[in-house]
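Each chain is listed here by its residues.
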Amino acid sequence: MNIIERFLNYTKFDTQSSEESESVPSTPKQLVFAEYLKKELEHEGLEDVEMDEKGYIYATLKSNIKEEVPVIGFISHYDTSPDCSGADIKPRIVENYDGGDIVLRGEREASGERMVLSPEKFPELLLHKGEDLIVTDGTTLLGADDKAGIAEIVQAMVYLREHKEIKHGKIRIAFNPDEEIGMGAHHFDVEKFGCQWAYTMDGGDVGELEFENFNAAGAKINIKGISVHPGYAKGKMVNANALAAEFAAMLPLDETPERTEGYQGFYHLTGMTSNVEQAKLSYIIRDHDRDRFEDRKRFIAKCAEQMNEKYGEGTVTAVINDQYYNMKEKIDPQMHVIDLVLKAMQECGVAPKVKPIRGGTDGAQLSFKGLPCPNIFAGGINFHGPYEFVPIQSMEKAMQVVVKICELTAGYND
């Protein structure tokens, strides 16, 4: 089975995770794919293949050298985003992409159903002119985030197994659920994994290498109102709807996701439910700089205090919980982990694109659990929606980089 067949086979499984669930994994359909993947790894000759009750899969490719070298690992998640359907995916291969529009759905504009993947809206398409693109039919996401990563890792292990002339140490691989809802690393057994360091294959376009990410927190704002008949409300009613709008207006308008880029942090209002008597606002807070991150959390709390000074103590409560931190502080002392990737990319003819993640990965949490874990490209673009696509050549390059990292680590000497 080649990498294309492997990936296309994976897309047949609906593995969408759910933020509303409290189970692990968050959806039982993820376990269906996990069971399939476990059997595939066994069939491909990997050892120590096991899946725990929460759907975390671990496996080993044994060393083919006598020397003691670091044990490294590769990790990908198998859930897909809750933002778009992952059921009944119908992938299509566009061979030798010509640089024009790709019609995903519907041939007539008047039908109202036409959906086009166009370089006018997605100029990154032009970087892959002449390549073979796997696209959707416009009704679902594709699932390259992160089934492309899984296909690349598995294919790399098969390649190493079949090419015994490539020397490598012990390699561990792992696949987990629920990354898309921020829970992927929560039940990851770092001690069982047993690696000195690892890499998540969960980045975007070819060449991406990420070892900086946001510090992240979530804030839940609860507002208590007082409902009184509007005809007799003067001096009595406290309209929680109006207070919610007032609270939202207290946050800086130019510090939102749609107005920031690069290293700029933000406040993001992700949800709001309200009536006269009660309102709830959900925010995520993000910043690469740890001090500014702490300032942002304090600012949210201060806004709640100011509202209470105006409307009475207990009117507004803010519950703020940290979610993950910037892995850079854990990677910086061990830059050999990055140097190996840069050398592997160079030898594979891939131009590195080192950039900060405007988000987070399982690797961020794993780095703080004692497993340094930067993020490498998996090749997919436009994740989490029907415009998602992945160039086949990017997947093949990612697989080659994994193989080369394993080979270079066999010669690593600290």
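Note that the structure is a prediction, hence the values are computed from the model and not measured.

### So, the overall build of the chain
Of the regular secondary structure elements, the chain holds 10 helices and 17 strands. C-alpha atoms of the chain, sized along the principal axes, occupy 85 × 55 × 40 Å. Across the 414 residues in the chain, those meeting the buried criterion constitute 52%. Accessible surface computed for the chain: about 18,800 Å², of which carbon and sulfur atoms make up 48%. Side chains of the chain carry 45 positive and 69 negative charges; the gap between the two charge centres is 2 Å.

### As for the sheet that holds strand 16 (residues 375-377)
Across the sheet, which stays open at both edges, the eight strands sit in the order 1-2-8-3-9-16-10-15 with mixed pairing between neighbours. Edge positions in the sheet fall to strand 1 (47-51) and strand 15 (353-354), since each has one partner strand and no second. Most of the contacts of helix 2 (residues 29-43) go to strand 1, to which it runs at about 175 degrees, and overall it touches strand 1, strand 2 (57-61) and strand 8 (171-176). This element, helix 10 (residues 392-410), spans strand 3 (72-77), strand 8, strand 9 (197-203) and strand 16 of the sheet and lies at about 155 degrees to strand 3.

### Regarding the packing of aromatic side chains
For any pair of aromatic rings, the description consists of the separation of the ring centres together with the inter-plane angle of the planes. Counting across every chain of the model gives 16 aromatic pairs. A ring pair is formed by Y56 and F188, whose centres lie 6.4 Å apart and whose planes are at 80 degrees; its orientation type is edge-to-face. Of the two residues, Y56 sits in the loop between strand 1 and strand 2 while F188 sits in the loop between strand 8 and helix 4 (190-193), which places them 132 residues apart along the sequence. In this structure F188 comes out as buried when scored by relative accessible area, which is 4%. Each ring, one from Y58 and one from F188, has its centre 5.5 Å from the other, and the planes form 70 degrees; the classification is edge-to-face.

### Some points on the nonpolar core
F74, M157, I173 and F175 are the most contacted members of the largest nonpolar core, which has 67 residues in total. By size, the runner-up hydrophobic cluster in this structure holds 21 residues, among which are I223, A240, L251 and L281.

### Quick notes on the sheet that holds strand 17 (residues 389-391)
Hydrogen bonds between backbone groups are what pair the strands of a sheet, and the pairing can be parallel or antiparallel. Strand order across the open sheet formed by three strands is 4-7-17, with antiparallel pairing between neighbours. Here the strands that pair on one side only, and so sit at the sheet edges, are strand 4 (92-94) and strand 17. Across the sheet, the mean angle from the axis of one strand to that of its neighbour is 25 degrees, orientation sign disregarded. Here strand 7 (residues 133-135) pairs with strand 17 via three bridges, running antiparallel. Counterpart to V135 in the pairing with strand 17 is F389.

What counts as what
- Residues numbered from 1 in each chain as written.
- Predicted model: local features only at pLDDT ≥ 70, side-chain atom pairs only at ≥ 80, totals over all residues.
- Heavy atoms only, no water.
- Helix = DSSP H or I, 4+ residues; strand = E, 2+ residues; numbered from the N terminus.
- Buried < 20%, exposed > 50% of the residue type's maximum accessible area, 1.4 Å probe, protein only.
- Areas by Shrake-Rupley, 256 points an atom, 1.4 Å probe, with all protein chains shown as cover.
- Lys, Arg positive; Asp, Glu negative; His and termini not counted.
- Charge placed at Lys NZ, Arg CZ, Asp CG, Glu CD.
- Pairing = 2+ DSSP bridges.
- Contact = heavy atoms within 4.5 Å.
- Axes fitted to C-alpha atoms, helices over the stretch in contact; angles between N-to-C directions.
- Phe/Tyr/Trp six-rings, centres within 6.5 Å; stacked < 30°, edge-to-face > 60°.
- Core = buried A, V, L, I, M, F, W, Y, C linked by side-chain atoms within 4.5 Å.

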